[in-house]
Amino acid sequence: MYYVIFAEDREDSLKARLQARPAHLERLRALLDQGRLLVAGPCPAIDSPDPGPAGFSGSVVIAEFPSLEDAEAWADNDPYVHANVYQQVIVRPFNRVLP
């Protein structure tokens with residue numbers, strides 16, 4: 001089943017986000033290589049694809065996991081969590097309808 005992982009950044013998280021980004025992307029690439037990643041990306045803090053120093057307000061990952069517990073465990077071990085980028089992470093089941 002798919003699960004959506006929505007994470008909300010803490011204020012002034014850009015520096016920590018940039019430092020942890022390579023390890024974060026490595027984990028996402030592993031999901032992609034396994035055919036389990038539907039979509040992933042950051043939410044710019046302003047209405048721009050490149051928010052510059054404004055940074056990001058959060059991230060969204062939609063991926064396939066065996067259970068909610070597995071999705072939560074994966075989210076809990078994200079490098080952004082360990083780098084204190086996020087102030088809150090929510091994991092919910094997701095039913096893909098389209099496309």
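Structure's up top.
Predicted model, so just to flag it, every value in this text is computed and none were measured.

Undergrad: Would you take a moment to explain the overall build of the protein for this structure?
TA: Check the secondary structure of the protein and you find 3 helices and 4 strands. Across the protein, helices and strands are ordered from the amino to the carboxyl terminus as β-α-β-β-α-α-β. The C-alpha atoms of the protein give 13 Å as radius of gyration, which agrees with the globular expectation for 99 residues (13 Å, within 12%). When its C-alpha atoms are laid out on the principal axes, the protein stretches across 35 × 30 × 25 Å. A buried classification covers 32% of the 99 residues belonging to the protein. Residue pairs in contact within the protein that sit at least 24 positions apart in sequence constitute 73% of those at least 6 positions apart. Surface accessibility of the protein: about 6100 Å² in total, with carbon and sulfur atoms responsible for 53%. Of the side chains in the protein, 9 bear a positive and 14 a negative charge, and the two mean positions are spaced by 4 Å.

Undergrad: Would you mind showing me how to read empty space enclosed by the protein here?
TA: A probe as big as a water molecule, rolled over the atoms, marks out the empty space that is left. Applying the stated criterion across every chain, the model contains 1 cavity of 30 Å³ or more. Its boundaries defined by the atoms lining it, the largest cavity holds a volume of some 60 Å³. What lines the largest cavity is simply Ile-5, Ala-7, His-24, Ser-59, Val-61, Trp-74, Ala-75, Asp-78, Val-81, Tyr-86 and Val-89. Looking at the lining of the largest cavity, the elements with two or more residues in it are β1 (2-9), β3 (56-64), α2 (68-76) and β4 (86-94). Broken down by class, the residue content of the lining of the largest cavity amounts to 8 nonpolar, 2 polar and 1 charged.

Undergrad: Could you clarify how one ought to interpret the pattern of salt bridges in this entry?
TA: Applying the stated criterion to the full structure yields 2 salt bridges. A salt bridge links Asp-9 to Arg-17, with the shortest nitrogen-to-oxygen separation between them at 2.8 Å. Each member of the pair, Asp-9 together with Arg-17, is buried.

Undergrad: How do you make sense of the packing of aromatic side chains when you look at a structure like this?
TA: When we look at a pair of aromatic rings, we describe it by the centre distance and by the angle of the planes. Here the structure, examined in full by the defined rule, presents 3 aromatic pairs. Ring plane angle 85° and centroid distance 5.6 Å describe the contact between Tyr-80 and Tyr-86, whose orientation is recorded as edge-to-face. The buried category is assigned to Tyr-80, whose relative accessible area is 2%. Note on Tyr-86: relative accessible area 11%, which makes it buried. Here the aromatic residues Tyr-3, Phe-65 and Trp-74 are joined through ring pairs into a cluster of three or more.

The rules behind these values
- Residues numbered from 1 in each chain as written.
- Predicted model: local features only at pLDDT ≥ 70, side-chain atom pairs only at ≥ 80, totals over all residues.
- Heavy atoms only, no water.
- Helix = DSSP H or I, 4+ residues; strand = E, 2+ residues; numbered from the N terminus.
- Rg over C-alpha atoms; globule rule 2.2 N^0.38 Å.
- Buried < 20%, exposed > 50% of the residue type's maximum accessible area, 1.4 Å probe, protein only.
- Contact = heavy atoms within 4.5 Å.
- Areas by Shrake-Rupley, 256 points an atom, 1.4 Å probe, with all protein chains shown as cover.
- Lys, Arg positive; Asp, Glu negative; His and termini not counted.
- Charge placed at Lys NZ, Arg CZ, Asp CG, Glu CD.
- 1 Å grid on protein atoms, 1.4 Å probe; cavity = no way out; pocket = protein on both sides within 12 Å on 5 of 7 lines; lining within 4 Å.
- Points joined across faces, edges and corners; volume = space filled by probe spheres on them.
- Nonpolar A, V, L, I, M, F, W, Y, C, P; charged D, E, K, R; others polar.
- Salt bridge = Lys/Arg side-chain N within 4 Å of Asp/Glu carboxyl O.
- Phe/Tyr/Trp six-rings, centres within 6.5 Å; stacked < 30°, edge-to-face > 60°.

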